[in-house]
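Remarks on the overall topology
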Amino acid sequence: MRVLGIETSCDETAASVVALDGASAPEILSNIVLSQIEEHAAFGGVVPEIAARAHVEALDAIVEAALADSAVSLDEVDAVAATAGPGLVGGLIVGLMTAKAIAAAANKPLIAINHLEGHALTARLTDGLDFPYLLLLVSGGHTQIVAVRGVGDYQRWATTIDDALGEAFDKTAKMLGLPYPGGPNVEKAAASGDAGRFAFPRPMKGSAQPDFSFSGLKTAVRQAATAIAPLSDQDVADICASFQAAVADALSDRVGRALARFRKEFPDKASPALVVAGGVAANRTIKGTLEALCSEAGFAFVAPPQKLCTDNAAMIAWAGIERLRAGMAGENAAGFVPRSRWPLDSVSAPLVGSGRRGAKA
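Attention in this report is confined to the structure presented alongside it. Please read all numbers here as calculations on a predicted model, not as lab measurements.

Observations concerning the sheet that holds strand β5 (residues 110-114)
Pairing between sheet strands relies on hydrogen bonds along the backbone, with the strands arranged either parallel or antiparallel. Ordered in space as β3-β2-β1-β4-β5, the 5 strands form an open sheet in which the pairing is mixed. Where the open sheet ends on each side, the last strands, each with one partner, are β3 (27-35) and β5. Shown here is a sheet whose adjacent strand axes are inclined to one another by a mean of 20 degrees, direction ignored. Its contacts with the sheet put helix α3 (residues 89-106) on β1 (2-7), β4 (79-85) and β5, and the angle it makes with β4 is roughly 160 degrees. Against the sheet, helix α11 (residues 314-325) engages β1, β2 (12-19), β3, β4 and β5, with an angle of about 135 degrees to β1.

Quick word on the packing of helix α5 (residues 165-175) against helix α6 (residues 182-190)
Remark: α5 packs on α6, axes separated minimally by 8 Å, with the N-to-C direction vectors making an angle of 65 degrees. The handedness of the crossing between α5 and α6 comes out as left-handed. Across from F169, D170, T172 and A173 in α5, the residues of α6 making contact are G182, G183 and V186. Classifying every residue of the contact of α5 with α6 by side-chain character gives 3 nonpolar, 3 polar and 1 charged.

A few points about the packing of α5 against helix α7 (residues 215-227)
Helix-helix packing is described using two parameters, namely the angle between the two axes and the distance between the axes. One can describe the packing of α5 onto α7 by two numbers: an axis separation of 10 Å at closest approach and a directional angle of 10 degrees. For the element pair α5 / α7, the angle class is roughly parallel. The segment α5 lies against α7, with K171, T172 and M175 engaging K218, V221 and R222. Taken together, the residues of the contact of α5 with α7 sort by class into 2 nonpolar, 1 polar and 3 charged.

Considerations on unusual backbone geometry
A cis amide bond links G85 to the next residue, P86, at an omega of -15 degrees. Topologically, P86 is positioned in the loop between β4 and α3. One non-glycine residue, N107, adopts positive backbone phi at about 55 degrees. Summarising the element assignment, N107 is placed in the loop between α3 and β5. One non-glycine residue, M204, lies in the positive phi region at around 70 degrees. Examined against the element boundaries, M204 turns out to sit in the loop between α6 and α7.

A short note on the pattern of salt bridges
For the coordinates displayed, the defined rule picks out 14 salt bridges. As a salt-bridge pair, R197 and D238 come within 2.9 Å of each other at their nearest N and O atoms. You can see R197 sitting in the loop between α6 and α7 and its partner D238 sitting in helix α8 (residues 233-265), a full 41 residues away along the chain. Here E322 makes a salt bridge to R325, at a shortest N to O gap of 3.2 Å.

Reading guide: rules and limits
Residues numbered from 1 in each chain as written. Predicted model: local features only at pLDDT ≥ 70, side-chain atom pairs only at ≥ 80, totals over all residues. Heavy atoms only, no water. Pairing = 2+ DSSP bridges. Helix = DSSP H or I, 4+ residues; strand = E, 2+ residues; numbered from the N terminus. Axes fitted to C-alpha atoms, helices over the stretch in contact; angles between N-to-C directions. Contact = heavy atoms within 4.5 Å. Left-handed = near helix turned anticlockwise from the far one by under 90°. Nonpolar A, V, L, I, M, F, W, Y, C, P; charged D, E, K, R; others polar. Parallel < 35°, antiparallel > 145°, perpendicular 65-115°, else oblique. Salt bridge = Lys/Arg side-chain N within 4 Å of Asp/Glu carboxyl O.

Right under this line is the structure:
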């Protein structure tokens, strides 16, 4: 089984071919990712119109490169899978319409994939995890805890009521004059900082409500930076270290509650696991804090390789394989309309602060 995957939900143009041969481990035959960081750096964030235009210019060549690297022809592909949401709608249109054209021309099935499902299932591609397991998804657009019970069977246990964690990192970097992308540069500055200098709040820590909040922490960072301006390099490093420590502490509290709930709801799961995915999962302080938490709670800690935590098409191709073998490829993908918002768990109610159209998922 070989699936061509296409990903254009934000500012990476990506294509990949993933194969599954019987009982053998799945294999990533190619995984091409073209970043648009340089195009957006001057604006301090992703500009949707620029992103969509860049996808149009690059995608055909990226798909050709993915097929060439995999040594698989389009005739040998069993299906085409493409991200259909959530994300920036201009980019989604480019990727999904390209996938529709390829699938129609080659007479192949088309599978519309939820970007979040790609993240949710990546640990099965890399580590062969069995259902169920717990997922912490932390990225520029999403922060949520999800019980992954099966393909297409997801229960959201917690989400952000305001900013996503990656968004908070990016905005903190911008306030401090650090370059884009914010997350890696905040982490780099924090390495030489004093995490105890600023007593930033730990949002939602101790709250019975299971969700996340980062807007108050972001405000506290701005107030601290304004109070001591102009900032020296050491001031910036100390703020970053204190911010990162507050984030790790808040995440540990939120995730700890979810681990306890998982134990109660899945008492027969002999080897429970926490999967951490999304771009923020690459942060070493956060990763170390969560690894220690899992060790104490008796959970395996699983973090896919960094190149598969950030946006990529291998996870989209793999989600397509998972849906194909589960008989859930869908019959009307040719008429599927891109969705800027597409929750994995469509049953959970929207939260206050998450917008009238639903949670930031």
